[in-house]
Amino acid sequence: MAPVTGLGEEMHALVERLYPLCRSITGDGVRATLDIVGEYVPLQVHEVPTGTQVLDWTVPQEWNIRDAYVADAAGNRVVDFAASSLHVLGYSVPVAATMPLSELRGHLHTLPDHPAWVPYRTSYYTPEWGFCLSQETLDGLPDGDYEVRIDSTLADGHLTYAEHVVPGQVADEVIVSCHVCHPALANDNMAGVAVATYLARELAERSPYYTYRFIYAPGTIGAITWLARNAERIERVKHGLVLACAGDRGRLTYKQSRRGDAEIDRVLRHVLRTSERPHDVVEFTPYGYDERQYCSPGFDLGVGSLSRTPYAGYPEYHTSADNPDFVSPEALADTLAVCREAFAVLDRNRRYVNLSPYGEPQLGRRGLYESLGGRSDAKQAQMAMLWVLSLSDGEHGLLDVAERSGLPFDAVAAAADALCGAGLIKA
Amino acid sequence: MAPVTGLGEEMHALVERLYPLCRSITGDGVRATLDIVGEYVPLQVHEVPTGTQVLDWTVPQEWNIRDAYVADAAGNRVVDFAASSLHVLGYSVPVAATMPLSELRGHLHTLPDHPAWVPYRTSYYTPEWGFCLSQETLDGLPDGDYEVRIDSTLADGHLTYAEHVVPGQVADEVIVSCHVCHPALANDNMAGVAVATYLARELAERSPYYTYRFIYAPGTIGAITWLARNAERIERVKHGLVLACAGDRGRLTYKQSRRGDAEIDRVLRHVLRTSERPHDVVEFTPYGYDERQYCSPGFDLGVGSLSRTPYAGYPEYHTSADNPDFVSPEALADTLAVCREAFAVLDRNRRYVNLSPYGEPQLGRRGLYESLGGRSDAKQAQMAMLWVLSLSDGEHGLLDVAERSGLPFDAVAAAADALCGAGLIKA
Amino acid sequence: MAPVTGLGEEMHALVERLYPLCRSITGDGVRATLDIVGEYVPLQVHEVPTGTQVLDWTVPQEWNIRDAYVADAAGNRVVDFAASSLHVLGYSVPVAATMPLSELRGHLHTLPDHPAWVPYRTSYYTPEWGFCLSQETLDGLPDGDYEVRIDSTLADGHLTYAEHVVPGQVADEVIVSCHVCHPALANDNMAGVAVATYLARELAERSPYYTYRFIYAPGTIGAITWLARNAERIERVKHGLVLACAGDRGRLTYKQSRRGDAEIDRVLRHVLRTSERPHDVVEFTPYGYDERQYCSPGFDLGVGSLSRTPYAGYPEYHTSADNPDFVSPEALADTLAVCREAFAVLDRNRRYVNLSPYGEPQLGRRGLYESLGGRSDAKQAQMAMLWVLSLSDGEHGLLDVAERSGLPFDAVAAAADALCGAGLIKA
């Protein structure tokens, strides 16, 4: 794992700032989240009205909540939304009633196996109300009547998502997508949001080859909305990465695209392997985060997903234990570093054509050997030139050259630059 | 191995009934065999005249035998066809002579390594006569003259084979082929005949997708005759299985088709692997049973072969020790079960097209989640639906889905049915 | 390794004879070398004028040398070209001067890690002069003035290479290429020259299928010159082998062509594997000997390279320790044997078409079984016939048959001959 850097601490601070907001798939919590992200990178915020048809789905009513609690007979709030946005079932319909505990129990969600933790639950498409609390709290409640109140609204409004674009040398795009719909959970997914945001800032300084489009959207319905509204753009999307669960202390996990051999898959495998980080590469499954939508068979985009401990792979997943302490600055910095390295490779992975393909060209005559004089990596640089010449047949990209030669991608890319400069190859 | 079932006992009884008949590649023994099989499933019996050109071969003369023996000077039959049809060399020309043991020895076949067993020998295409006996019997014969008599006929007649067809929903066919030319041998191949026959009975109750054609024919020349007479049918034969040595106590062996990646190969590999039976999958070789003919390069059909201990892989092979005791009801039932499971997969292995391929369709809105409510396998069923949707691109069949997802084929097929019903995919 | 044979001793004698000559990429040393080789096989010698454009290169001036030495104040030659042609930097410009040791040192090359050995150094394309000597010799030189003299000429002349052709039944060619530019080094590459030469003699006695062209040329510039002058021939070159470092006592190493799956690659892998020799098969790299040129992407020929210890893989490489003692007759004979076996496979690796592809043809009727009667390998021969029939679909060559069946290539080729003779297959 990369050493702690200032960036790790900065990203962690962003996670802490975003963490408490009550996000859902619509509503003001998403807007507040995007307002904060907008302080780091300029965002184009989109508001899509309730009822809009998006692919097979319809944008739902907007949900907002001001207060919610369960109070005992003495008026003490034994479960209180103000303490954590997790305490209310996401998309709860409003309720104001008094009922005995026996009746209330049917609306209470706990985690008996982790009695101190509060679960995260939602009911987006079935009208329902409920509270989430720890088993310990529930066990401490005496029988009797309780006042329950959820001051929420479900009404026509909008679904909110945002984009940030880092313009590249070409119109072909790389999308980086992260979900912004989870309330007080840190790793899932304010960590992904933080890494994406810092990645966007770095890329802007690099004048990248591809145009990089960052998508901040609620899970599932948000990605579907983006896809529905960008039908004409899809063919320009050449690669993509979903960032989720990006800050826990576990090893990195790259989940491949549905295609399995997309360029983004090859790049991530290469970078993770050659960097010698402990990591896992797993096959695509049609379950997880928004790679499900980007990789649906009609689109079948080359979009993979980078996480640390994968989806549902840690007990803290979707519970109050996924709090800012569960996320580490070192892990955030390490995830950011892998993204940086991967996009550096992706951005330079051109295919070249050898313009002097019959026999080896005389490198010495062109000063390409002398240019290496005295460099400690002169031999490696020379080998990289020979490899690039050998494989520049229009069929192999520089990543192929790096993998086949065993040379570092950077050395291969530098050789390609030198050979391009000498007029021996062209992209 | 599957538990003993009534079916295993029934098949074993059929093996015992068929066992003693003196079969060869032609003649009344084959007819008697088919008469008995015809009591279980209706057969269409074909009689092909001697001299008929069949591919590169010619239907030979028909061989029949009434009696054969070697008698000592006292008139005692020391080798007697009446005791076992193995005792006479198959296709022996008639002989009636008296000769000293020294001369007779050239016509006697034994197994010195297994002195109590009688070998099985034939001479179909070279005129010859002979007797097979145990080494122990031979060792007990005193010198002196012996009467030898083989009351056989070789004359123009017919080659006999039979078919039984289980009609399917489509005209595309699966052939199941077993050889019926071996005399008093049980595993090779009355066991194959018994399994094929009970399989045919089961399939008829299932209204299968494919049309299943069962072929009962003498080895080599029989399969060649069937192929020669069914030239117009071959393109309808999509899959096939040769059943041989189907009842010994060894592990199952699937021999792949010449193509190696035919659908039948993938299905058998899948079923054997996921059923966790001990088994072997072996490559095609152009030696063995009638898969040799079906897989000859001009036809190259997707026909594999299912056995237990493979061809010539057990010492009892082609000897009197391959008797009904060598075959077990449990093994017969187990082979039948694998066939049943394999054809259930083959029959449902459609390719579907996702009619809503852009993003995931909203399953909840269509009641596809609610339909799972309370089922213990609800999560698996949901995953199966997502996998089927993801891979229904016209390129992947349900077996691909099962293999890639790791889900049971049955769950995948059920998901496909549900999605079809909801109009989300079509075959 | 094959037992010592007369051939091994003969080849070693040739290495010893060629060893002392002062070869370079041009000049009389190459001519003298080819004169000697020409005593073994007739050579067509080509002289290409200085300044000729060959692909991306230009034929350089011709270098010749008569004498060179460093003499001490007493006139004693402390470094003397007459003792070994290694002592002078290849392509040294002439020099005649007296200078102190301190100044001379800049022109002296040693191997501090191997103080008794003299290195091999050249400066083909940068005008330079210098001497190579042992570190021990250098350490023994007292300070003071030394006379240095190199009586060389660099002048317009020719680049010399030679060809020997063994005509085949077809015009398609196999090239066997070895570099002839290294001075007093034995394994690199007089061993390759010796093996090539004896291979040519053997092939001539065999009336091979392919036309075999042996190329004796200086490294890099020689192969480039040959390629430049044979543009129209290239499409006839179907296979090739570079022979280098062919006589040391290490295990055999086959370096695959750039294509990796060229027929020559498959043949060498097969022969090395089935012969059970210890060996390595390594991937193509664009560094090494003249496979670099033949496999450059514009040509991309199916040319591999056979060595024993590979390029630069032994400490004696490019030093005076690579002398005739470093080369063994056994190793030379073993390399020759592998070439012989490989070309025997390559030469017979036809694709056949089964003329009776529907079902098995009746081999007995054609006497193909009887022809095997009594042979100890009758069963293998029969299996080979069945395998050749099965795979003679125009897609598989005899090497495919051997690999898939596990039968010896010779048995497969003999079966193909028999089946051809019976009119059952045709090439």
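Residues numbered from 1 in each chain as written. Chains lettered and ligands numbered in written order. Predicted model: local features only at pLDDT ≥ 70, side-chain atom pairs only at ≥ 80, totals over all residues. Heavy atoms only, no water.

A. Here's a closer look at unusual backbone geometry. Here A:Asp188 and A:Asn189 are connected by a cis peptide whose omega angle stands at 25 degrees. By secondary structure assignment, the location of A:Asn189 is in helix 5 (residues 186-204). Residue A:Cys245 is not a glycine yet carries a positive backbone phi of 50 degrees. Here A:Cys245 is to be found in the loop between strand 13 (237-243) and strand 14 (252-255). A:Cys245 sits in the buried class, given a relative accessible area of 0%. The phi angle at B:Ser207 is positive, at roughly 50 degrees, despite the residue not being glycine. As for its placement among the helices and strands, B:Ser207 is situated in the loop between helix 5 (186-204) and strand 12 (211-217). (Helix = DSSP H or I, 4+ residues; strand = E, 2+ residues; numbered from the N terminus. Buried < 20%, exposed > 50% of the residue type's maximum accessible area, 1.4 Å probe, protein only.)

B. Geometry of the environment of B:Val79. Residue and element names in this part refer to chain B. Counting through the fold element by element, Val79 comes out in strand 5 (residues 77-80). Along the chain, Val79 and Arg273 lie 194 residues apart, while their C-alpha atoms are 47 Å from each other. With sequence-adjacent residues up to four places away left out, Val79 is seen in contact with Ala68, Tyr69, Val70, His87, Phe131, Cys132 and Leu133. (Contact = heavy atoms within 4.5 Å.)

C. Representation of the relation of the copies chain C and chain A within the structure. In screw terms, the move from chain C to chain A is a rotation of 120 degrees and a rise of 0.2 Å along the axis, fitting with an RMSD of 0.1 Å. This pairing of chains is accounted for by a three-fold axis. Among all residues of chain C, the one whose C-alpha sits closest to the rotation axis is C:Asp261, at a distance of 12 Å. (Least-squares fit on C-alpha atoms with pLDDT ≥ 70 in both.)

D. Here's a closer look at the state of the cysteines. All names here are of chain C. Applying the stated rule across the entire model yields zero disulfides over all chains. Cys178 provides the cysteine sulfur closest to Cys339, a residue in no disulfide bond, and the two sulfurs are 11 Å apart. Residue class for Cys339 comes out buried when judged on its relative accessible area of 1%. (Disulfide = S-S within 2.5 Å.)

E. Examining the pairing of strand 5 (residues 77-80) of chain A more closely. The sheet contact formed by strand 4 (residues 62-71) of chain A and strand 5 of chain A spans three bridges and is antiparallel. Of the residues in strand 5 of chain A, the one forming a bridge with A:Val70 is A:Val79. (Pairing = 2+ DSSP bridges.)

F. Representation of the interface of chain C and chain A. Between chain C and chain A, the contact holds 16 residues from the first and 20 residues from the second. For chain C, the biggest contributors to the area lost against chain A are C:Asp56, C:Arg258 and C:Pro286; these three give 36% of the whole. Put simply, chain C and chain A have four salt bridges between them. Note that C:Arg258 is salt-bridged to A:Asp393, the shortest N-O span being 2.7 Å. Of the residues contributing to the side of chain C that touches chain A, the split by class is nine nonpolar, four polar and three charged. (Buried area = accessible area lost by both parts, 1.4 Å probe. Salt bridge = Lys/Arg side-chain N within 4 Å of Asp/Glu carboxyl O. Nonpolar A, V, L, I, M, F, W, Y, C, P; charged D, E, K, R; others polar.)

G. Seen up close, helix 5 (residues 186-204) of chain C. Relative to the 27 Å expected for 19 residues at 1.5 Å per residue, helix 5 of chain C spans 26 Å between its end C-alpha atoms, a close match to the ideal helical length. Extensive coverage of helix 5 of chain C is indicated by the burial of 17 of its 19 residues. (Expected span 1.5 Å × (residues − 1).)

H. Structural view of the confidence of the model for chain A. For chain A, per-residue confidence averages 96 on the pLDDT scale, and 98% of positions sit at 70 or higher. Across the interfaces of the predicted complex, the ipTM metric reaches 0.94, alongside a pTM of 0.92. (pLDDT = per-residue confidence, 0-100.)

I. View of the interface of chain C and chain B. On the chain B side, the residues contacting the 21 residues of chain C number 16 residues. In total, about 1700 Å² of surface goes out of reach between chain C and chain B, with carbon and sulfur atoms giving 49% of it. Across the chain C-chain B interface, the total number found is four salt bridges. The closest approach of N and O atoms between B:Arg292 and C:Glu360, which form a salt bridge, is 2.4 Å. At the boundary of chain C with chain B, the tally comes to 13 residue pairs in polar contact (both at pLDDT 80 or more). Of all the secondary structure elements, the ones that give two or more residues to the side of chain C that touches chain B are helix 10 (378-391) and strand 18 (393-397) of chain C. When grouped by side-chain class, the residues that make up the side of chain C that touches chain B number eight nonpolar, seven polar and six charged. (Polar contact = N/O pair within 3.5 Å; in protein donor to acceptor, adjacent residues only side chain to side chain.)

J. Here's a closer look at the sheet that holds strand 1 (residues 44-49) of chain B. All names here are of chain B. Strand order in the open sheet formed by eight strands is 1-10-12-11-13-16-14-15, and the pairing between neighbours is mixed. Only two strands of the sheet have a single neighbouring strand rather than two, namely strand 1 and strand 15 (279-282). The mean inter-strand angle of the sheet, taken between neighbouring strand axes irrespective of direction, is 20 degrees. Where strand 11 (residues 173-179) meets strand 13 (residues 237-243), five bridges bridge the pair, whose relative direction is parallel. Opposite Glu173, over in strand 13, you have Val237 as the bridge partner. The sheet contacts of helix 2 (residues 28-37) involve strand 1, strand 10 (158-166) and strand 12, and relative to strand 10 the element is tilted by about 15 degrees. (Axes fitted to C-alpha atoms, helices over the stretch in contact; angles between N-to-C directions.)

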